[in-house]
Amino acid sequence: MTTTNFQYKLGSSGATAIQADSMPLAVADANGRPGWSYSKVSGSEKFNYYFYAGTYENMKMKHVKSMFYCGSIDAWSGIGNEAPFFVLYTKMKGDGTDAGAFYHSKHAYALHSASQLIRAGEKCLFYCIETPKEEFNGMRKVPFRHRIDTGNYDPENDVLFMTLQSDSGAVAQSTYVECLGADMSPFDRRVADNHINMKLIS
């Protein structure tokens, strides 16, 4: 079983850093669940949860085996952009090929709603790339298999950020997150197989 190795409580400086430019910020769940609850109120609001920063590491895209969150999609009417999605950003190269203002490329992994059953409020293990090593007590697994690339997809590119985000264009967006993380293979002599399993509490 994968051990929780990070924990962040709403209101702490760490929780604020993870949420970065999210609007509005997550709150305690109205149904008494222990994690973070986010609901869009109006306009172009969205959340961005940054759960990995590779500024001082040299991990490449090929070393990321899975990204995952356990929680639920609480507002669901069958429209794909009501689901959150994972985004992996790579480090700038400064050689004229960078696709963004702060990244070389970005790669989103989204729900293919026509092939996956979503029940509003059901706690599941949502993931992309490969199935996570952690079973999370056998909760139902929902893969995000639709990859959207901005810039060149190159497994040798260095990872800058891993995030979970919502779509600012969604009319309704409500997501509950209890844990958030990734599985990684060895990427230098200092580390073997490793993981992030971040517990989010209110």
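Residues numbered from 1 in each chain as written. Predicted model: local features only at pLDDT ≥ 70, side-chain atom pairs only at ≥ 80, totals over all residues. Heavy atoms only, no water.

A.B. asks: An account of the environment of Tyr-127 is requested, with residue identities and associated values reported.
C.D. replies: Its location among the elements puts Tyr-127 in strand 8 (residues 124-129). Taking the C-alpha atoms as reference, Tyr-127 lies 5.8 Å from Phe-144; in sequence the two are 17 residues apart. (Helix = DSSP H or I, 4+ residues; strand = E, 2+ residues; numbered from the N terminus.)

A.B. asks: Help me get a handle on the nonpolar core, residues and values and all.
C.D. replies: One finds Tyr-49, Met-67, Phe-86, Met-162 and Leu-180 to be the most contacted residues of the largest nonpolar core, which totals 38 residues. Setting aside anything within four residues of it in sequence, one finds Met-67 in contact with Phe-51, Phe-86, Leu-88, Tyr-109, Phe-126, Tyr-127, Cys-128, Ile-129, Met-162, Gly-181 and Ala-182. Counting 8 residues, the second largest nonpolar core, distinct from the first, contains Phe-85, Val-87, Tyr-89 and Ala-110. (Core = buried A, V, L, I, M, F, W, Y, C linked by side-chain atoms within 4.5 Å. Buried < 20%, exposed > 50% of the residue type's maximum accessible area, 1.4 Å probe, protein only. Contact = heavy atoms within 4.5 Å.)

A.B. asks: Got a sec to walk through the state of the cysteines? Specific residues and values, please.
C.D. replies: Scanning all chains against the criterion turns up 1 disulfide. Covalently, Cys-70 is tied to Cys-179 through a disulfide, its sulfur atoms 1.9 Å apart. Of this pair, Cys-70 sits in strand 5 (residues 64-73) while Cys-179 sits in strand 12 (residues 174-184), and the two are 109 residues apart along the sequence. Free of any disulfide, Cys-124 has its nearest cysteine sulfur in Cys-70, 10 Å distant. With relative accessibility at 2%, the residue Cys-124 sits in the buried group. (Disulfide = S-S within 2.5 Å.)

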